[in-house]
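# A structural walkthrough
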Amino acid sequence: MRNTLLAAVAVVGALSAPVAAQAQSTVGVGGGNTVVIDQDGGIIAEQRPAFREYVVRERVPAFTIPDRVVIGTTLPDAGVTYYDVPQRFGSTPYRYTVVNGQTVLVEPRSRRIVQVID
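Residues numbered from 1 in each chain as written. Predicted model: local features only at pLDDT ≥ 70, side-chain atom pairs only at ≥ 80, totals over all residues. Heavy atoms only, no water.

### Re the pairing of strand E7 (residues 112-117)
Operational definition: Working definition: with a 1.4 Å probe on protein chains only, accessible area under 20% of the residue-type maximum means buried, over 50% means exposed, and in between means partly exposed. Numbered from the N terminus, helices here are DSSP runs of H or I no shorter than four residues, and strands are runs of E no shorter than two. Following DSSP output, two strands are said to pair if at least two bridges run between them.
Among the six residues of E7, five are classified as buried, and the element is accordingly described as predominantly covered. One ladder, built from five bridges, connects strand E6 (residues 102-107) with E7; its direction is antiparallel. Pairing of Val106 across the sheet is with Ile113, part of E7. Hairpin connection, E6 to E7: the antiparallel pair is bridged by four residues, and Arg111 has positive phi, about 65 degrees.

Here's what the structure looks like:
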């Protein structure tokens, strides 16, 4: 019985490994360039410096809140403007804004910060 259980666990583990590896990131093609999206829909580390430069060039106005800017913080429903992430940084369901001088990705419906672009 124990050998059968171990064999079943080994088979399930072997079959789920490709699925787990695929869940790490998604690759898409946009404008002839390969774009990699973080598994949670955020911007991957390699693209963050370029994204920060983009936000600075766009001169996005900053919004100030009294709290620290951390993942999970819900932003106020008034006074914050959200912007679409350009396609060259990948397809993401999130929008970005600048809060307390930090660029953040926000889930638009809940206004919850899902990524702080460091």
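### Describing the side chain of Thr103
Put simply, the rule reads: Residues count as neighbours in contact if any of their non-hydrogen atoms are within 4.5 Å of one another.
Looking at the element boundaries, Thr103 is found in strand E6. Not counting residues within four places of it along the chain, the set of residues in contact with Thr103 comprises Phe51, Val55, Tyr96, Thr97, Val98, Gln115, Val116 and Ile117.

### Digging into the nonpolar core
Under the convention used in this document: Residues belong to one nonpolar core when they are buried, are Ala, Val, Leu, Ile, Met, Phe, Trp, Tyr or Cys, and are joined through side-chain atoms within 4.5 Å.
Ranked by internal contacts, the top residues of the largest apolar core, which has 13 residues, are Ile43, Phe51, Tyr54, Val55, Val85, Tyr96 and Leu105. Mapped by element, the contributors of at least two residues to this core are helix H2 (48-58), strand E5 (95-99) and E7. For this core, the element with the most residues is H2, which contributes three residues. Apart from residues lying up to four places away in sequence, Val55 is in contact with Val60, Tyr96, Val98 and Thr103. Counting 10 residues, the second-largest nonpolar core is a separate cluster that includes Phe63, Ile65, Val99 and Val116.

### Quick notes on the pairing of E5
Most of E5 sits out of view: four of its five residues are buried. As defined by bridge partners, strand E4 (residues 83-84) adjoins E5 across two bridges and the pair is classed as antiparallel. Note on E5: the bridge partner recorded for Asp84 is Arg95. As judged from the five bridges shared by E5 and E6, these two strands associate in the antiparallel manner. In the strand pairing of E6, Arg95 is matched with Val106. Where E5 hands over to E6, the hairpin turn is made up of two residues, of which Asn100 adopts a positive phi near 50 degrees.

Shape descriptors only; they carry no functional weight alone.
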